[in-house]
Structures are given as C-alpha cells and as structure tokens.
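Residue-level listing of the chains:
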Amino acid sequence: QVILWLTPDSIAPKCCWDLHCPSGTMSPTDFSKFDMTYYTKSALAGGICCGLTHGAVCPVDVVKTRIQLDPAKYNSGMV
C-alpha cells in the first residue's frame, strides 16, 4: 500500500511552461503557435479521421437497418 502525502508545497504548480519564466511560476499560453497552418493541419486531420470512420460505420449501419426491417429474409445468416 502506497500513501502519498500532499503538502501545500507539493500542490503548488512548479512547472514552467515557458523557458523564459522564473522558476515556480506558470506563464500564460503562447498563442503565436496557433497560426493558419495549425488550423489547416487540424482540419485536415479531422477530415481524414471522420472520413475513415464514416466509411467504416455507414455500411455496417445499412446492414443492421436492413436486418431490422426484414428479419425473415436475413434470419438464416451467421447468428
């Protein structure tokens, strides 16, 4: 059994997000990295992932719907 003791010093954020900030403080987010190429890459990645997922799930959903609409026709199958 492991017991973790938390003191006020261990709870305070000690990481430094920016290399230029003094130790023990956190700088605000640097928004300069969020330029148009960042959003273009994010949109492209989301479109590719959505396209792959949609292409894999829609045929399965069509088969499921056809089985639900006409169970007598598809009742002698795998299950």
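Visitor: How would you summarise the overall build of the protein if you had to cite specific residues and measurements?
Guide: Of the regular secondary structure elements, the protein holds 2 helices and 0 strands. Counting across all 79 residues of the protein, residues that qualify as buried make up 3%. A total accessible area of about 7,600 Å² is found for the protein, and carbon and sulfur atoms account for 67% of it.

Visitor: Just give me the short version of the pattern of salt bridges, but keep the residues and values in it.
Guide: Within this structure, the stated rule accounts for 1 salt bridge. Across the salt bridge formed by D61 and K64, the nearest N and O atoms sit 3.4 Å from each other. Of this pair, D61 and K64 both sit in helix α2 (residues 36-69), 3 residues apart, which is roughly one turn of that helix.

Visitor: So what's going on with the state of the cysteines? Residues and values would help.
Guide: For the structure shown, the criterion picks out 0 disulfides. Considering cysteine sulfurs only, C50 is the nearest to C58, which forms no disulfide, with 9.4 Å between them.

Visitor: Go over the packing of aromatic side chains, please, and point to the residues and values.
Guide: Scanning all chains against the criterion turns up 2 aromatic pairs. When the centroid spacing of 4.8 Å and the interplanar angle of 65° are considered together, the rings of F34 and Y38 count as edge-to-face. You can call F34 partly exposed: its relative accessible area is 26%. Residue classification places Y38 among the partly exposed residues on the basis of a relative accessible area of 38%. Summarising the aromatic geometry, the rings of Y38 and Y39 are spaced 5.3 Å apart at their centres and angled 80° between planes, so their arrangement reads as edge-to-face. The exposure class of Y39 is partly exposed, given its relative accessible area of 47%.

Rules behind the numbers
- All residue numbers refer to position in the chain's written sequence, counted from 1.
- Reporting of local features is limited, given that this is a predicted model, to residues whose pLDDT is at least 70; pairs of side-chain atoms are given and counted only at 80 or more, and all residues count toward the totals for whole chains, interfaces and linings.
- With hydrogens and water set aside, each side-chain value is computed from the structure's full complement of heavy atoms.
- Helix and strand labels come from DSSP, where a helix needs a run of H or I of at least four residues and a strand needs a run of E of at least two; each type is numbered from the N terminus.
- Accessibility here uses a 1.4 Å probe with only protein chains present; expressed as a share of the type maximum, an area under 20% marks a residue as buried, one over 50% as exposed, and anything in between as partly exposed.
- Here the accessible surface of atoms and residues is derived via Shrake-Rupley with a 1.4 Å probe, and residues count as covered only by protein chains that are part of the display.
- Salt bridge, as applied in this entry: a Lys or Arg side-chain nitrogen positioned within 4 Å of an Asp or Glu carboxyl oxygen.
- Disulfide assignment relies on a single distance test, namely cysteine sulfur atoms paired within 2.5 Å.
- In this analysis, rings of Phe, Tyr and Trp, with Trp reduced to its six-membered ring, are considered paired at centre separations within 6.5 Å, and the interplanar angle assigns stacked below 30 degrees, edge-to-face beyond 60, and tilted for intermediate values.

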